[in-house]
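The lines below spell out each chain.
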Amino acid sequence: MEQAQLLMVAPVFYGAMPNIGLYTQPDGPVPNPAELLPQGKIKEAREAYEGAIEHAVRDMVYVAKSQCEAGADGINFDTVGASGDPDFKATLLAVEALKKQYPDICVEVGMAGEFVLGMHGEMRHNGVRLAGLYPHKQVKIAQDAGVDIFGPAINTVSSRSIPWNVARAITFTKACVEAAEIPVHANMGMGVGGLPLCTTPPIDTVSLASKAIVEITRLDGL
Amino acid sequence: MTSGMGGMRTSGDLVARMQMTKGMKIKAAKKFVADKLGVAVNELTDAAVMGEVREDLKIGGVYSSMGSPKGIEAKHHIADLLGIEINSLKRFRHNTR
């Protein structure tokens, strides 16, 4: 990062993805909720998620702080919520901790999907339950936590057409942009933002989707 | 991270910096940058105009030419021009004291 910042003119962010699963057994110290839930051990699974969050926040803040010290223009937490509401909660806590120490650093949060899965189910942040939030509500929680740029992600439904998916992505993103007080940079890529699930998306779908989302939602970036 | 608009070929990085540092939405960020550069908003995406503007203001371009500011040097001018703080610049100044 230090070297990159000496050479680059354009802003350079450090990007990483929260990974709650890494802290569960056998990889990590806390019991594995994916094993506890099928056994009907809901309470134990929730406690395991809460334990994993503590470890995740510590690591996310540690890594992000190092990059801030190295001169990063910002930190990008990407695919937030991939493991559901505990993942989202860990990121919100990490953002709050980071902004306390580095109030001027830009923090971008890009989501993993349009809907926060309730893997815990009762996880709340500032009194708001995280499970079940859609982008227009996700952005409000994120901006309250100190996030500077928010990236809604709308997963492509592979059994539907591109126009259907683009229309759906734009509907969610438009509502998010209208609700946001911070800049919104929608995620658009393989299987996200209306684009097909290919490693090399056809250029016509990329052009169509990006043009449509910019003109209809008036978002601040992609 | 250049907020599209042709990136450093035009003014994408500058507009991005205003979104990042001041939380400006795109319309306000583009107006702010256009005013600072002394160009019209619709000229922000004109590569020919912006190429000359960037060279004159020494804020870096896609193609580096001999003697033109590059990297951290260009960022120094960007920070002065836009009136913003750039993290890497702050650290550079601290380390070179």
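Here, residues in each chain are numbered from 1, in the same order as that chain's written sequence. A letter from A marks each chain and a number from 1 marks each ligand, given out in the order of writing. For this predicted model, a pLDDT threshold of at least 70 governs which residues receive local features, and a threshold of 80 or more governs which side-chain atom pairs are given and counted, while totals over whole chains, interfaces and linings are taken from all residues.

Considering the packing of helix 4 (residues 72-82) of chain B against helix 5 (residues 87-95) of chain B
Residue and element names in this part refer to chain B.
- Fitting a line to C-alpha atoms yields each axis, with helices limited to the stretch in contact; the angle taken between N-to-C directions then spans 0 to 180 degrees. Helix and strand labels come from DSSP, where a helix needs a run of H or I of at least four residues and a strand needs a run of E of at least two; each type is numbered from the N terminus. Put simply, helix 4 and helix 5 touch, their axes get as near as 10 Å, and they point 110 degrees apart. Judged by the angle between their axes, helix 4 and helix 5 are roughly perpendicular. Note on packing geometry: the crossing formed by helix 4 with helix 5 is left-handed. Across the interface between the two elements, Ile-72, Lys-75, His-76 and Ala-79 from helix 4 touch Ser-88, Leu-89 and Phe-92 from helix 5.
- In terms of residue class, the contact of helix 4 with helix 5 is made up of four nonpolar, two polar and one charged. If an angle is under 35 degrees, it is roughly parallel; if it is over 145, roughly antiparallel; if it lies from 65 to 115, roughly perpendicular; otherwise it is oblique. For any helix crossing, the convention is left-handed if the near helix is rotated counterclockwise from the far helix by under a right angle, and right-handed if that rotation is clockwise. C-beta atoms are placed from the backbone for every residue, and two residues are taken to be in contact when these atoms lie within 7 Å. Under this grouping Gly is polar, as are all residues other than the nonpolar Ala, Val, Leu, Ile, Met, Phe, Trp, Tyr, Cys and Pro and the charged Asp, Glu, Lys and Arg.

A word on the environment of B:His76
- Looking at the secondary structure, you find B:His76 in helix 4.
- Residues B:His76 and B:Ser88 lie 12 residues apart in sequence; the distance between their C-alpha atoms is 9.8 Å.

Here we look at the domain arrangement of chain A
All names here are of chain A.
- A domain assignment, automatic or from a database, supplies the domain bounds used here. Assigned domains within chain A: domain 1 (2-151) and domain 2 (160-222).
- Taken over C-alpha atoms, the centre of domain 1 sits 23 Å from the centre of domain 2.
- Opposite the 13 residues of domain 1 that make contact, domain 2 presents 13 residues.
- Among the elements that line the side of domain 1 that touches domain 2, the one with the most residues is helix 5 (residues 135-145), at five residues.
- Residues belonging to the side of domain 1 that touches domain 2 are distributed by class as follows: six nonpolar, four polar and three charged.

Comments concerning the packing of helix 6 (residues 162-179) of chain A against helix 7 (residues 203-217) of chain A
Residue and element names in this part refer to chain A.
- Close contact between helix 6 and helix 7 brings their axes to 10 Å; oriented N to C, the two are set at 30 degrees. By the angle between their directions, the pair helix 6 and helix 7 is classed as roughly parallel. Between helix 6 and helix 7 lies a crossing whose hand is right-handed. The segment helix 6 lies against helix 7, with Ile-162, Val-166, Ala-169, Ile-170, Thr-173, Lys-174 and Val-177 engaging Thr-205, Leu-208, Ala-209, Ala-212, Ile-213, Ile-216 and Thr-217.
- Of the residues that constitute the contact of helix 6 with helix 7, the class distribution is 10 nonpolar, three polar and one charged.

Brief notes about the pairing of strand 3 (residues 106-111) of chain A
Residues and elements named next belong to chain A.
- Taken across its six residues, strand 3 has six buried, putting it largely inside the fold.
- Once C-beta atoms are placed from the backbone, each residue is buried if 20 or more other C-beta atoms lie within 10 Å of its own, exposed if 12 or fewer, and partly exposed for counts between those two. Alternating positions in strand 3 separate into two faces, Cys-106, Glu-108 and Gly-110 on one and Val-107, Val-109 and Met-111 on the other, with burial throughout.
- When DSSP finds two or more bridges between a pair of strands, those strands are recorded as paired. Examined bridge by bridge, strand 2 (residues 74-80) and strand 3 share five bridges and lie parallel to one another. Opposite Asn-76, over in strand 3, you have Glu-108 as the bridge partner.
- Classification remark: right-handed applies to a crossover when, strands pointing away from the viewer, the course from the first strand over the helix to the second runs clockwise. On the question of chirality, the crossover connecting strand 2 to the parallel strand 3 by way of helix 4 (residues 85-101) is right-handed.

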